[in-house]
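Examination of the molecular architecture
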Amino acid sequence: MKRLQILFVALIIAVVVVLSSVFVVDERQKALVLQFGQIKAVKEEPGLAFKIPLIQEVVYYDDRILSLETPEIEVTPSDDRRLLVDAFARYRISDVVQFRQAVSTGGIRLAEDRLQGILNAQVREVLGSETVTSNTILSSDRAELMNRIRDQARSRALPLGIEVVDVRLKQTFLPDQNLEATFARMRAEREREAADERARGEEAAQRVRAQADRTVVELQSDAQRQAEIVRGEADAERNNIFANAYGADPEFFEFYRSLNAYRESLKGANTTMVISPDSEFFDYLKSDNGR
């Protein structure tokens, strides 16, 4: 009976030892086997693995792509227009051995603190360079700037055993104290553009009015010239007709002219004329036969 008890206890101890020597590596993880703080094995493939119980321990690290958001930082582009920028990065642990050596027991928290410092430094360096203005940051060139930040941050994060996969600028906006000055400058620029447009419009209107006035004067002058020509030709025709009529029958012509003279002189009901009775003007009124 006592022997069975000893065997049972030994069996339990053996099971505990076996179970404590086996560990599972998930497909989303990488593992390090440590012995008194020293790295003894690296397990990057998923599945079962073994370690020495009580002497060795296993530390797991996430093998997935992780995200890190940075707090707002103030940058000053080359046009001295201060901006507040917040960014986020995607990263993964590419080398667990180097990662462990870099952060020791600090783990992900210490690594992210260092990575955040790297990102902030690169954001300030890239967005504050001489060729970058606030308009560049807010334009389609923003993607190129983010790629530059990513590449520089990636090279500086390699000693941590971290690969920076991507960097994105989430928001870019002005500090509150700069908003009013910026709005005033924008209003001034729009007012200047509006004044320029009005000036150009007034100049164009003056040209159109001047051209219209010139056209009117030219048309009136041409019409007046044409009218004078027609009037002169009509007068010449009339005089020619009168001359022909006078040459055909001078007596009738004088009679006709006298009637016209009477008609023009004796208009109205109260016409009074003071003239000598023997004047030739009344020759055709004195006799039926005239002169």
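Residues numbered from 1 in each chain as written. Predicted model: local features only at pLDDT ≥ 70, side-chain atom pairs only at ≥ 80, totals over all residues. Heavy atoms only, no water.

Comments concerning the pattern of salt bridges
Under the defined criterion, the tally for this structure stands at 16 salt bridges. In this structure, Asp 63 engages Lys 30 in a salt bridge whose closest nitrogen and oxygen atoms are separated by 3.4 Å. With Asp 63 in the loop between strand 5 (56-62) and strand 6 (66-69) and Lys 30 in strand 2 (residues 29-35), this residue pair connects regions lying 33 residues apart in the sequence. Taking relative accessible area as the criterion, Lys 30 reaches 7% and is therefore assigned buried. Ionic pairing is found between Arg 190 and Glu 189, a salt bridge with its closest N-O pair at 3.8 Å. The exposure class of Glu 189 is partly exposed, given its relative accessible area of 32%. Members of the salt-bridge network, linked through shared partners, are Lys 30, Asp 63, Arg 92 and Glu 163. (Salt bridge = Lys/Arg side-chain N within 4 Å of Asp/Glu carboxyl O. Helix = DSSP H or I, 4+ residues; strand = E, 2+ residues; numbered from the N terminus. Buried < 20%, exposed > 50% of the residue type's maximum accessible area, 1.4 Å probe, protein only.)

A closer look at the pairing of strand 3 (residues 38-43)
Bridging between strand 2 and strand 3 involves five bridges; their strand directions are antiparallel. For Leu 34, the partnering residue across the bridge sits in strand 3 and is Ile 39. Hairpin connection from strand 2 to strand 3: two residues lie between these consecutive antiparallel strands, with Phe 36 at a positive phi of about 55 degrees. (Pairing = 2+ DSSP bridges.)

As for the packing of aromatic side chains
In this structure the tally under the stated criterion is one aromatic pair. The interplanar angle of 80 degrees and the centroid separation of 5.3 Å between the aromatic rings of Tyr 61 and Phe 99 together place this pair among those described as edge-to-face. Linking Tyr 61 in strand 5 with Phe 99 in helix 2 (residues 96-103), this pair joins segments that are 38 residues apart in sequence. A single burial state applies to Tyr 61 and to Phe 99, both of which are buried. (Phe/Tyr/Trp six-rings, centres within 6.5 Å; stacked < 30°, edge-to-face > 60°.)

Description of the packing of helix 3 (residues 107-127) against helix 5 (residues 142-157)
Where helix 3 contacts helix 5, the two axes come as close as 9 Å, and the packing angle between them is 140 degrees. Judged on the interaxial angle alone, helix 5 and helix 3 are oblique. Viewed along their axes, helix 3 and helix 5 form a crossing whose handedness is right-handed. From helix 3, Leu 115, Ile 118, Leu 119, Gln 122, Val 123, Glu 125, Val 126 and Leu 127 reach across to helix 5, where they touch Leu 145, Arg 148, Ile 149, Gln 152, Ala 153, Arg 156 and Ala 157. Partitioning the contact of helix 3 with helix 5 into residue classes produces ten nonpolar, two polar and three charged. (Axes fitted to C-alpha atoms, helices over the stretch in contact; angles between N-to-C directions. Parallel < 35°, antiparallel > 145°, perpendicular 65-115°, else oblique. Left-handed = near helix turned anticlockwise from the far one by under 90°. Contact = heavy atoms within 4.5 Å. Nonpolar A, V, L, I, M, F, W, Y, C, P; charged D, E, K, R; others polar.)

Thoughts on a nonpolar patch on the surface
Taken together, the side chains of Ile 241, Phe 242, Phe 252, Phe 255, Tyr 256 and Leu 259 define a hydrophobic patch exposed on the protein surface, amounting to about 540 Å² of accessible area. Taken together, the elements giving at least two residues each to the nonpolar patch come down to helix 6 (176-248) and helix 7 (250-265). For the nonpolar patch, the element with the most residues is helix 7, which contributes four residues. Take Phe 252: it is sitting in helix 7. (Patch = residues over 30% accessible without salt bridge, like charges linked within 9 Å, V, L, I, M, F, W, Y side chains within 5 Å. Areas by Shrake-Rupley, 256 points an atom, 1.4 Å probe, with all protein chains shown as cover.)

Notes on the pairing of strand 1 (residues 22-25)
A one-sided burial pattern is seen for strand 1, the buried positions being Phe 23 and Val 25 and the unburied ones Val 22 and Val 24. Sheet analysis places strand 1 next to strand 4 (residues 47-50), joined by four bridges and oriented antiparallel. Each residue of the ladder has a partner; that of Val 25, found in strand 4, is Gly 47.

Considering the side chain of Arg 142
Along the polypeptide, Arg 142 turns up in helix 5. No salt bridge is formed by the buried Arg 142; its nearest oppositely charged neighbour, Asp 86, is found at 6.6 Å. In terms of polar contacts, Arg 142 uses its side chain to reach the backbone carbonyl oxygen of Leu 169, at 3.1 Å. When sequence neighbours within four positions are dropped, the list of residues in contact with Arg 142 reads Thr 136, Ile 137, Leu 169, Lys 170, Gln 171 and Thr 172. (Lys, Arg positive; Asp, Glu negative; His and termini not counted. Polar contact = N/O pair within 3.5 Å; in protein donor to acceptor, adjacent residues only side chain to side chain.)

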